[in-house]
Amino acid sequence: MFTLADFHDAAHLVYRHMAPTPQYAWPLLAVELGVETWVKHENHTPTGAFKMRGGLVYVDRLRRDKPEVKGVVSATRGNHGQSLAYAARAAGLACVIVVPHGNSAEKNAAMRALGADLIEAGTDFEEARATAASLAVSRGLEMVPSYHADLVLGVGTYAIELLSAVPDLDVVFCPIGMGSGICGLALAKAALGHPVEIVGVVSDKASGYRLSLAAGRPITTTEPASTFADGMAVRAPSAEALAVMTAGVARIVEVNDDQIAEAARRLFTATHNLAEGAGAAALAALSAERANWRGRKAGVILSGGNIDRAWFRTILDGGTPQPAAVAAPAA
């Protein structure tokens, strides 16, 4: 559990590097959905996603607790890696990021531009994570997990901003990858004593957290998480994240890639903002449940806008991006 003072301290650190992001109630979304819809624009950070907040808090604590550490390593599909690369560069640390083969070319380029040593390994996030753990040992680097209390505290500052700015929200829909974003939201809600209902959103190709919440234990899915919503393409839930969700998340719903693509189109038409797959998932879920929330106030977390141009072109043309099957290269 974090106190409101904990979040304020984290925000003080985050705001050295970025301003609070806006939240707007967009009229066209209200007309189309029949719901007053507030969009939290985490696509407006310097890295284009909410993860930046967590990286700053994690690296700040690491520098104070382990001044001997020379660098960090982690696995990502993109936004977590950009967050760490940004924070590591600001702190003068080396940063190695491992992504699976076939990862977003534009996210890869952004991580390299932020100074990361980018390595491609494995066919999905779980295999990339195993490589990152091995590199931590062989190179003497600090292994940064995708879920950690520091990351949650940092990203939870977006939730303090949203719930403070719109204190009468009835529900907030939030996408789930490894869980830092929704756990930050749940813990911010608790710190504020806010009554809002929190609904998690996963891809139907990566349903581990929905299954886990229903079962009361982590359930790892076996099928490849083949979705263009790469920020949600996670097969192995975190037990720590699940514990927070169990206490603070009302339920978790699934959306498919067609629904996510339609939500990305709707966001572009109504707000002229780009949304990556995970960033559009919350609106996709609200759109599916609009009848239940008519006449009420809903929040959706636009968690990031880092989508490759080719994929977004497909979306604007009325289609749904199809992730290519990835095979590991021959040895």
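Scope of this entry: the structure provided in the associated data block.

Parameters and conventions
As a convention, each chain's residues are numbered from 1 in the sequence order in which they are written. Local features in this predicted model are restricted to residues whose pLDDT is 70 or higher, and side-chain atom pairs enter the listing and the counts only when it is 80 or higher, whereas totals over whole chains, interfaces and linings include all residues. Here the side-chain values reflect all heavy atoms present in the structure, with hydrogen atoms and water set aside. A run of H or I in DSSP counts as a helix once it spans at least four residues, and a run of E counts as a strand once it spans at least two, with each numbered from the N terminus. Two cysteine sulfurs form what is called a disulfide whenever their separation falls within 2.5 Å. Each residue's exposure class comes from its accessible area (1.4 Å probe, protein chains only) as a fraction of the maximum for that residue type: buried when under 20%, exposed when over 50%, partly exposed otherwise. Interaxial angles span 0 to 180 degrees and are taken between N-to-C directions of axes, which are lines fitted to C-alpha atoms, for helices over the stretch in contact. Roughly parallel refers to an angle under 35 degrees, roughly antiparallel to one over 145, roughly perpendicular to one between 65 and 115, and oblique to any angle outside these ranges. Two helices that cross are described as forming a left-handed crossing if the nearer one is turned anticlockwise from the farther one by less than a right angle, and a right-handed crossing if clockwise. Whether two residues are in contact is decided by their heavy atoms, any of which lying within 4.5 Å being enough. Just so you know the grouping, Ala, Val, Leu, Ile, Met, Phe, Trp, Tyr, Cys and Pro go in nonpolar, Asp, Glu, Lys and Arg go in charged, and all remaining residues, Gly too, go in polar. The definitions used throughout rest on a 1 Å grid laid over the protein atoms alone, on which a cavity is an enclosed set of points accommodating a 1.4 Å probe that cannot get out and a pocket is an open set flanked by protein within 12 Å on both sides along at least five of seven lines; lining residues are those having an atom within 4 Å of a point. Grid points are joined across faces, edges and corners, and a volume is the space filled by probe spheres set on the points. Note on definitions: salt bridges are taken to be side-chain nitrogens of Lys or Arg within 4 Å of carboxyl oxygens of Asp or Glu. Strands qualify as paired when DSSP identifies two bridges or more between them. Side-chain rings of Phe, Tyr and Trp, where Trp is taken by its six-membered ring, are said to pair if the distance between their centres is within 6.5 Å; with planes under 30 degrees apart they count as stacked, over 60 as edge-to-face, and otherwise as tilted.

## Observations concerning the environment of glycine 92
As for its placement among the helices and strands, glycine 92 is situated in the loop between helix H4 (79–91) and strand E4 (94–99). Residues glycine 92 and serine 146, spaced 54 residues apart in sequence, show a C-alpha to C-alpha distance of 21 Å.

## Digging into the state of the cysteines
The full count for this structure, using the stated rule, is zero disulfides. Sulfur of cysteine 174: no disulfide; nearest cysteine sulfur belongs to cysteine 183 and is 9.0 Å away. When its relative accessible area of 1% is taken as the criterion, cysteine 183 is described as buried.

## Quick look at the packing of helix H7 (residues 149–165) against helix H8 (residues 180–192)
Relative orientation and spacing of two packed helices are given, respectively, by the angle between their axes and the distance between those axes. Close contact between H7 and H8 brings their axes to 7 Å; oriented N to C, the two are set at 55°. Relative to H8, H7 is oriented oblique. Two packed elements cross with a definite hand, and for H7 against H8 that hand is right-handed. Every residue of H8 that contacts H7 at Val152, Val155, Gly156, Tyr158, Ala159, Ile160, Leu163 and Ser164 is listed here: Ser180, Gly181, Cys183, Gly184, Leu185, Leu187, Ala188, Lys189 and Leu192. Of the residues that constitute the contact of H7 with H8, the class distribution is 11 nonpolar, five polar and one charged.

## Here we look at the layout of surface pockets
When its volume is computed, the second largest pocket comes out at roughly 190 Å³. In this structure, the second largest pocket is lined by Asp6, Asp9, Ala10, Leu13, Arg16, Val57, Asp60, Arg61, Arg64, Asp150 and Leu153.

## A short note on unusual backbone geometry
With a phi close to 55°, histidine 272 is a non-glycine residue in the positive phi region. Positionally, histidine 272 belongs in the loop between helix H11 (257–271) and helix H12 (277–288). When its relative accessible area of 61% is taken as the criterion, histidine 272 is described as exposed.

## Description of the pattern of salt bridges
With the rule as written, the count across this model stands at 20 salt bridges. One salt bridge connects arginine 53 with glutamate 42, and the closest N-O pair in it is separated by 2.7 Å. Placement of arginine 53 in helix H3 (residues 51–65) and of glutamate 42 in the loop between strand E2 (36–41) and H3 is noted, with a sequence separation of 11 residues between them. We note that arginine 53, like glutamate 42, is buried.

## Focus: the sheet that holds E2
As summarised here, the arrangement of the six strands in space is E1-E2-E10-E7-E8-E9, forming an open sheet in which the pairing is mixed. Whereas interior strands pair on both sides, the edge strands pair on one side only; in this sheet they are strand E1 (23–25) and strand E9 (251–255). Between one strand and the next, the sheet's axes are offset by a mean angle of 25°, whatever the strand orientation. Across the sheet, helix H9 (residues 208–215) touches strand E8 (197–203) and E9, and the angle it forms with E9 is around 150°.

## Observations concerning the packing of aromatic side chains
Evaluated as defined, the whole model comprises five aromatic pairs. Summarising the aromatic geometry, the rings of phenylalanine 228 and tryptophan 311 are spaced 6.0 Å apart at their centres and angled 85° between planes, so their arrangement reads as edge-to-face. On the criterion of sequence distance, the pair formed by phenylalanine 228 in the loop between H9 and helix H10 (239–248) and tryptophan 311 in helix H14 (residues 309–316) is long-range, its members being 83 residues apart. The exposure class assigned to phenylalanine 228 is buried, which follows from its relative accessible area of 1%. A ring pair is formed by phenylalanine 268 and phenylalanine 312, whose centres lie 5.8 Å apart and whose planes are at 70°; its orientation type is edge-to-face. A residue pair is termed long-range when its members are at least 10 positions apart, and phenylalanine 268 in helix H11 and phenylalanine 312 in helix H14 qualify at 44 residues. Judged by its relative accessible area of 27%, phenylalanine 268 is partly exposed. Take phenylalanine 312: its relative accessible area is 6%, and that puts it in the buried class.

Shape descriptors only; they carry no functional weight alone.
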